[in-house]
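# Understanding the architecture of this molecule
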Amino acid sequence: MRSARIGAALMGAVVAARAATAVAQEATQEAAKAAFSIDATVAAILGPIGNALSSVVFFEIPIAGTSISVIVLWLGIALIYLTVRFGFINLRAVSFRQAWKILRGRYHDPSAPGEVTQFQAMSTALSGTVGIGNIAGVGMAIAWGGPGATFWMIIIGLCAMSVKFAECTLGVKYREIHADGTVSGGPMYYLKHGLANRGYAKLGLVLSAMYAAFGIPTLLQWATVNQMFVQVKNTAGFDHGILFGVILAALTAAVIIGGIKSIARVTVRLVPTMAAIYVLAAMTIILFNFTAVPAAVGIIIEGAFAPHAVQGGILGAIIVGMRRAIYSTEAGLGTSSMAHAAAKTREPVSEGLVGLLEPFIDTVLISTMTALVIVISGQHVLRLEGVEGIALTSAAFTSIFPWFGWVLMVAVLLFGFSTIISWGYYTEKIWTFVFGESRRSVYTFKTIFCLLLIPGGVLTATQVFDIIDSLFFLLALPNIIGLYIMAPEIKADLKDYMARLKAGEIPETGGTAAATSAAE
């Protein structure tokens, strides 16, 4: 009798377990359907908004038989003008030598105003630029403009170095140092104070207000979230965009709540790690296929100058390269000057020289390697099938070494996460410029920023890049006007700095440990 009761109990347990399993499976399926429904709904709402915004911001005019966006032309002229105005500082060996010394801590002054070392400031800024723009951005450039678009992306990246020099110099020169030692800087401040210093106070107020108004919407970091999710989906099979966004939002909140010092401590470790992983992966493919490099370079150059390579011919390729280079370097937007403004230094020009290295690293070096991998692998032809962005780059890596998809996924997650936390800092500075520095204001912003990361995974690559490109390029309108007006001042500061440096009036401290110290 007892054994019968035990047998009945076991049978009941088995039946109950099977029932529970069935219920759990059904719940999982329903949750998946609900998640898919949410993803589709969000995409349906936000997609048309991105298309409409892009059509307004990238308004085109006919030139030489093709249509050119006015905003792209606006930025392109500024890149060339400032490069010439500053005596091709982007190509001068002395600029690279001095920047390297500064990064090594040879001029480090621990008593100087600021919150982080100059190396940490650059790491934070680089983490915002070395990322999705170099991996997915190159894939988008090739998808939209053919391999030749990457040639123009690199050329524009070289010119972007001069613009970045100007922005970072002004970011330190006109920053605000608060009573507690914290720093606020960036275009909002150098447009306001810098133009007032030159007798254009009212214009400075207008331009700084415009920049802030255009800048707040850039807290939408959907392009980065989207391309991170696409790589995880394609590699690991995880297909829940909203859930991915929730996890990413939680991780982001854990870092950005600590402010610039917390962000710098993370990025000073993340940037070298993620760059090493990606560069090693790309260089492995390039070295294993070094005999194909000359042909790949030939395809890129031929595509850059082939009049019928893409829609719009040569100008079409240049326009695509410009859009992707600006997204990759952020030059002309002024955003990275917010991170550089926090550097411990009394010499604004020294931080400008440090900032000048960013486009060289993220676009001239890393983007070039990405382009070579895509062309060497032959996967650039997939653009004709509609493959774009991170999917195109991933296809190139995995076509040579199938397991490289996982390596690339890790690199993309590190790149993307570092970009997001850096932009959390940038947009916080814009937010506090408008709404004040109160604790409530700051935490309200951080909550909104993290919550708005969640929808990023459910849009298409074209939709998110249309939205983010549009928001980014709007920042160039007030910023470039300010750079034009203050260009003579920047050139005079550069001349004075170089003269004092040559005369030995800016002594080296001799230390190198300060450059990478995360304790400060």
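Keep in mind it's a predicted model, so treat the numbers as computed, not measured.

### Concerning the nonpolar core
Of all hydrophobic cores here, the largest spans 138 residues; its most connected members are Phe165 and Phe397. Among all residues touching phenylalanine 397, those that are not within four sequence positions of it are Tyr278, Ala281, Ala282, Ile285, Val373, Phe404 and Leu408.

### Observations regarding the environment of glycine 87
Note on placement: glycine 87 falls in the loop between α2 (70-85) and α3 (93-103). Each C-alpha atom, one on glycine 87 and one on lysine 491, is 9.0 Å from the other, the two residues being 404 residues apart in sequence.

### Focus: a nonpolar patch on the surface
A surface patch of nonpolar side chains, about 400 Å² in accessible area, is lined by Ile80, Val84, Phe88 and Leu91. Given a relative accessible area of 53%, isoleucine 80 falls into the exposed group.

### Examining the confidence of the model for the protein chain
Averaged over the protein chain, the pLDDT score is 78; the fraction of residues at 70 or greater is 79%. Within the protein chain, helix α20 (residues 513-516) has the poorest average pLDDT of any element, 46, and helix α7 (residues 187-197) the best, 95.

### As for the pattern of salt bridges
Under the defined criterion, the tally for this structure stands at eight salt bridges. For glutamate 358, the salt bridge goes to lysine 164, with nearest N and O atoms at 3.0 Å. Of this pair, glutamate 358 sits in helix α15 (residues 348-376) while lysine 164 sits in helix α6 (residues 148-173), placing them 194 residues apart in sequence. Take glutamate 358 and lysine 164: they sit in the same class, and that class is buried. Between lysine 173 and aspartate 493 there is a salt bridge, with its nearest N and O atoms 2.7 Å apart. Of this pair, lysine 173 sits in helix α6 while aspartate 493 sits in helix α19 (residues 461-502), and the two are 320 residues apart along the sequence. Its relative accessible area of 22% is what places aspartate 493 among the partly exposed residues. Linked through salt bridges whose partners overlap, the residues forming this network are Lys173, Arg198, Glu489 and Asp493.

### Details of the packing of aromatic side chains
In total, this model carries 13 aromatic pairs according to the counting rule given. Ring centres of tryptophan 74 and tyrosine 484 lie 6.1 Å apart, and the angle between their planes is 75 degrees; on these two criteria the pair is classed as edge-to-face. Placement of tryptophan 74 in helix α2 and of tyrosine 484 in helix α19 is noted, with a sequence separation of 410 residues between them. For tyrosine 484, a relative accessible area of 26% translates into the label partly exposed. Relative to phenylalanine 445, the ring of tryptophan 431 has its centre 5.7 Å away and its plane inclined at 50 degrees; by these criteria the two rings are tilted. A residue pair is termed long-range when its members are at least 10 positions apart, and tryptophan 431 in helix α17 (residues 404-435) and phenylalanine 445 in helix α18 (residues 439-451) qualify at 14 residues.

The rules behind each value
Residues numbered from 1 in each chain as written. Predicted model: local features only at pLDDT ≥ 70, side-chain atom pairs only at ≥ 80, totals over all residues. Heavy atoms only, no water. Core = buried A, V, L, I, M, F, W, Y, C linked by side-chain atoms within 4.5 Å. Buried < 20%, exposed > 50% of the residue type's maximum accessible area, 1.4 Å probe, protein only. Contact = heavy atoms within 4.5 Å. Helix = DSSP H or I, 4+ residues; strand = E, 2+ residues; numbered from the N terminus. Patch = residues over 30% accessible without salt bridge, like charges linked within 9 Å, V, L, I, M, F, W, Y side chains within 5 Å. Areas by Shrake-Rupley, 256 points an atom, 1.4 Å probe, with all protein chains shown as cover. Salt bridge = Lys/Arg side-chain N within 4 Å of Asp/Glu carboxyl O. pLDDT = per-residue confidence, 0-100. Phe/Tyr/Trp six-rings, centres within 6.5 Å; stacked < 30°, edge-to-face > 60°.

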